[in-house]
Amino acid sequence: MPFVNIKTPEGALTKAQKEEIVHRTTDMLADYFTEAARPHTMVLIEEVKDGGYGRADEVFVVPDAYRAGETA
């Protein structure tokens, strides 16, 4: 079973964007593994709270300008 785990900053994507990522990722994996993999493909999008990860030795907080207007 193909499994993809995507971690994004909390609030960075809208529900529609997450749905698109799930569909496009599933399509890509079905292209690689054949259509037989589609019903067994799992795409997990995890939202990480501000301060829950770091980059370049700094705790990361997403600026409001980069947050999606719609949540969930």
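This text follows the structure it describes.
Residues numbered from 1 in each chain as written. Predicted model: local features only at pLDDT ≥ 70, side-chain atom pairs only at ≥ 80, totals over all residues. Heavy atoms only, no water.

Participant: How would you sum up the overall build of the chain? Please name residues and give values.
Facilitator: Of the regular secondary structure elements, the chain holds one helix and four strands. Shown N-terminal to C-terminal, the secondary structure of the chain runs as helices and strands in the order β-α-β-β-β. Relative to a compact globule of 72 residues, whose C-alpha radius of gyration would be 11 Å, the chain shows 15 Å and is clearly more extended. Expressed as a percentage of its 72 residues, the buried residues of the chain come to 25%. Look at the contacts in the chain between residues 6 or more apart in sequence, and 69% of them connect residues 24 or more apart. Here the chain has roughly 5300 Å² of accessible surface; of this, 56% comes from carbon and sulfur atoms. Distance from the positive charge centre (8 side chains) to the negative charge centre (13 side chains) of the chain: 2 Å. (Helix = DSSP H or I, 4+ residues; strand = E, 2+ residues; numbered from the N terminus. Rg over C-alpha atoms; globule rule 2.2 N^0.38 Å. Buried < 20%, exposed > 50% of the residue type's maximum accessible area, 1.4 Å probe, protein only. Contact = heavy atoms within 4.5 Å. Areas by Shrake-Rupley, 256 points an atom, 1.4 Å probe, with all protein chains shown as cover. Lys, Arg positive; Asp, Glu negative; His and termini not counted. Charge placed at Lys NZ, Arg CZ, Asp CG, Glu CD.)

Participant: Would you mind going over the pairing of strand E1 (residues 3–9) in detail, with residue names and values included?
Facilitator: As judged from the seven bridges shared by E1 and strand E2 (residues 42–48), these two strands associate in the parallel manner. Paired with Lys7 across the bridge in E2 is Glu46. Between the parallel pair E1 and E2, the chain is carried across by helix H1 (residues 15–33), and the sense of this crossover is right-handed. (Pairing = 2+ DSSP bridges. Right-handed = clockwise from strand over helix to strand, strands pointing away.)

Participant: Tell me about unusual backbone geometry, and name the residues and values.
Facilitator: The backbone of Thr34 shows a phi angle near 85°, a positive value even though the residue is not glycine. Its location among the elements puts Thr34 in the loop between H1 and E2. On the basis of relative accessible area, Thr34 is assigned to the partly exposed category, the value being 47%. Here the phi dihedral of Asp57 falls at roughly 65°; this positive angle occurs in a residue that is not glycine. For Asp57, the position within the fold is in the loop between strand E3 (54–55) and strand E4 (58–59). Among the residues examined, Asp57 registers a relative accessible area of 82% and is labelled exposed.

Participant: I'd love a proper account of the pattern of salt bridges, names of residues and values included.
Facilitator: As enumerated under the stated definition, the model contains nine salt bridges in all. The salt bridge involving Arg67 is made with Asp50; its shortest N-O contact spans 2.3 Å. Pair noted here: Arg67 is in the segment after E4 and Asp50 is in the loop between E2 and E3, with a separation of 17 residues, a long-range link. Judged by its relative accessible area of 31%, Asp50 is partly exposed. One connected set of salt bridges, linked through shared partners, spans Asp27, Glu35 and Arg38. (Salt bridge = Lys/Arg side-chain N within 4 Å of Asp/Glu carboxyl O.)

On their own, these measurements won't tell you what the molecule is for.
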